[in-house]
Amino acid sequence: MSVATIPAELAPAIPPRRRQLLFGAGFAAAGSAVLILTLLGAYLQQRHGVGPDWLKDNNIPLTQPTMQLFTLLMSMFTVQWAVHSIARNQRGYTYLASLITIVLGLAVLNQTWFLYTEVGLAMTQPEGPLFYAVTGAHLAMLGAAILFLGVTTLRALGGETSSFRPDGFSAAALYWHVMAGLYFAVWLGVYVLK
Amino acid sequence: MTMTDTSPAVETAPAVEQPGPGINRATEPTAFERLVGSGDHRLIGRVFILCSLVFLAAGAVVSALVDANTASDGSIFSSEVAQRLLMNEQVGLLLLGVLPLLLGIAIAVVPTQVGSPAVAFPRAAAASLWTWLGSALVFIVTVAADGSYGGGHLKAARLGNVAVGALMVALCLAAVCVAVTVLSLRPAGLGLDRVPFFAFSMLVTASILVLTIPASLAHVVVGHISRADGSALATSTFSGGVDWLFQPPAVFMLFIPVLGILADVVATAVGDRQRFRGLVLSLIGVAGLASYGAWAQGTVAQSTLLWAGFVLLAGLPLLGVGAAVADTLGRGKPKFMSPLAFVALALPIALIGAGIGAFRVVNSIGKGTLGDFNLAAVSLAQFRVVLGAAVIAALGGIFYWGRQIFGASLPEAAGKGLAGVVALGIALWGIPWLVVGLSNTDSNAFAAIAAVGAAIIVLVALGTLGAAVGPRRGGESDSADPWGGGGTLEWSDGPLAGPIESAYPVLDGKDAS
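Residues numbered from 1 in each chain as written. Chains lettered and ligands numbered in written order. Predicted model: local features only at pLDDT ≥ 70, side-chain atom pairs only at ≥ 80, totals over all residues. Heavy atoms only, no water.

Visitor: Please provide a residue-by-residue account of the overall build of chain A, values included.
Guide: When its secondary structure is counted, chain A shows five helices and zero strands. Going from the N terminus to the C terminus, chain A shows its helices and strands as α-α-α-α-α. For a compact globule of 194 residues, the expected C-alpha radius of gyration is about 16 Å, and chain A comes in at 22 Å, more than 25% above that figure. Principal-axis analysis of the C-alpha atoms gives chain A an extent of 90 × 30 × 25 Å. Looking at chain A as a whole, 45% of its 194 residues are labelled buried. Pairs at least 24 apart in sequence give 81% of the contacts found in chain A among residues at least 6 apart. Charge centroids of chain A, computed over 10 positive and 7 negative side chains, lie 11 Å from each other. (Helix = DSSP H or I, 4+ residues; strand = E, 2+ residues; numbered from the N terminus. Rg over C-alpha atoms; globule rule 2.2 N^0.38 Å. Buried < 20%, exposed > 50% of the residue type's maximum accessible area, 1.4 Å probe, protein only. Contact = heavy atoms within 4.5 Å. Lys, Arg positive; Asp, Glu negative; His and termini not counted. Charge placed at Lys NZ, Arg CZ, Asp CG, Glu CD.)

Visitor: Describe in detail the layout of surface pockets, supporting the description with residues and values.
Guide: Residues and elements named next belong to chain B. Taken as a whole, the second largest pocket encloses approximately 990 Å³ of empty space. As for the second largest pocket, its lining consists of 41 residues, of which Gln-247, Leu-375, Ala-376, Ala-377 and Ser-379 are closest to the centre. Looking at the lining of the second largest pocket, the elements that each hand over two or more residues are α3 (41-71), α4 (79-113), α8 (230-242), α13 (338-365), α14 (375-400) and α16 (412-439). In terms of residue count, the dominant contributor to the lining of the second largest pocket is α14 (seven residues). Classifying every residue of the lining of the second largest pocket by side-chain character gives 16 nonpolar, 21 polar and four charged. (1 Å grid on protein atoms, 1.4 Å probe; cavity = no way out; pocket = protein on both sides within 12 Å on 5 of 7 lines; lining within 4 Å. Points joined across faces, edges and corners; volume = space filled by probe spheres on them. Nonpolar A, V, L, I, M, F, W, Y, C, P; charged D, E, K, R; others polar.)

Visitor: With reference to specific residues and values, describe the pattern of salt bridges.
Guide: All names here are of chain B. Within this structure, the stated rule accounts for 11 salt bridges over all chains. For the salt bridge of Arg-84 with Asp-146, the shortest nitrogen-to-oxygen distance reads 3.5 Å. Within this pair, whereas Arg-84 is found in helix α4, its partner Asp-146 is found in the loop between α5 (122-144) and α6 (154-184), the two being separated by 62 residues in sequence. Owing to a relative accessible area of 7%, Arg-84 belongs among the buried residues under this scheme. (Salt bridge = Lys/Arg side-chain N within 4 Å of Asp/Glu carboxyl O.)

Visitor: Any details on empty space enclosed by the protein? Residues and values, ideally.
Guide: Scanning all chains against the criterion turns up four cavities of 30 Å³ or more. Roughly 80 Å³ of internal volume is contained in the largest cavity. Lining the largest cavity, in full, are Gln-68, Val-108, Thr-112, Thr-135, His-138, Leu-139, Leu-142, Tyr-183, Val-186 and Tyr-191 of chain A. When residues of the lining of the largest cavity are traced back to their parent elements, those giving at least two are α3 (91-119), α4 (128-157) and α5 (167-192) of chain A. Across the lining of the largest cavity, the residue classes break down as six nonpolar, four polar and no charged. By volume, the second largest cavity amounts to about 60 Å³. In this structure, the second largest cavity is lined by Asp-264, Ala-267, Thr-268, Asp-272, Tyr-400, Gly-485, Gly-486, Gly-487, Thr-488, Tyr-504 and Leu-507 of chain B.

Pasting the structure below:
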């Protein structure tokens, strides 16, 4: 009995086209951006209509939103560190960078929750629905970004992601960057120009 | 014998699979479980198409009733109910009827057009289907229960708004699956400039949908969390945040797939390559650009020069692609097939829709001083005509790709008959309201004509459904291409012998042999 060998003249299998996740994440990020920017536009329009009475019964501190902004700025570096590391098969650094990014994201979630209790804005107030719609939509996007990065990291632990297939981290990072960029618009429109 | 040889015993073994020891037949998935759990793009596309045809017929029934009510001076419903049905009819026709119909065709056909065995993110595609279907049923129930926009029942009104939001999310998800399929699942050699026109048009449509629908979804979200009742949902969420989807330029996104189906069908009918291919692709891109309407949500935006530019631009691709396909038709001997009849009728109806847009632009520039028009009637006519053009093209697509979608060609005679009937129905459904709008006359008689048009659309939707699920015609060839002139990948009998070097690899193979 002889052992079969693969003939050398056979063409190598064409590797699957990559970037599927990256394109998908790009579309998801674009859709989320349109949603949040539209909400922000509606918020600004209503605030303009109400005039100086807008949020006169509430005090929105700037400390927490600005801390959140800088936290997200740091997380943009760490998530890119994860992409850089997986592209070089430095798995330890990849896990570390992802973990730090997720912790920073959770810190922003926590601080937003604290901010909500500080502001004490009721849904029955005229500012309530749009304030919570804008900030809540961004919070949901942050949650989705954390989940996306977490699942990608777990899949990397299972060996599905490597320098040969880094798409998962690139896609999660793309979504993360768009989320952080949108926070800048929310920070400026809702918290700074209040 | 080598280790990789198959033993003769195995070769002659019966093909019927027997359950092995320990395998219980009762644990095998049932037909329902296979349907719900399937990621097969053809199955997902089929369910999208069949259900959207049913919903299209239901929407047309509501439309017929509303028009009949107008014709009979409100003898069927009160004016409040008629207004509520009119609002929800438009939502239903777009989100339950036409958009899912086009996306369903795309999910079933686009992977085969780009040479992929599956759609991108098949589980997401399945999730989009079932979310859409569930939300559609909830929406219909809420409308029937005096809910949704303008409804008097508080909980049903809010639930209807949530269902609309879920419909939007589901359609965006389906659009992402289609767009990513075109972008990343193409084989080597099939560049974006070589994909079939329909696949390219759906890439553009899906991109525009993803950038447009969330802008409307934002208002749906605000409407929900502000705990608005039915009338507040009608005045704020619908009038301020949803109805711009039915106005130009956003509604012109329905033109994009019309162009794709038109160009593909004409090339196959002639059995040759579409001339001016680059121009046609560019014009499809222009159609996408001109139909981006998320920026024009308010009435203020809809009276600006930018809005006028967008609306006027939307007619250009129709004229350009029309000229290109006419040139292709003129240079060959087109085979008279039912899809050609559909698209040949869809184009002039789409041009009427674009023409109404041009009229609105001129009237807007003249600040309404051109005459005493009923602009609400003109707007309704435009929505119906544009939507109708997309319906005609989509039905043409179903007959054109019947073999790819349903496994066998749909009856040609039925297709040829339905093409003329649906065009008549659309004309009767929309044009009378244009006459009412322009002449500002009493609408009773015209509404009666429009009701007849809607009834014809019901019959056509059900007729197409019957042709799709009914018995297939016999005696057809075994070839994957029943038209004999298909040149793109979906018409290939099997794997291609060589690399892809043009936009028409199947025609290349025929030429070589």
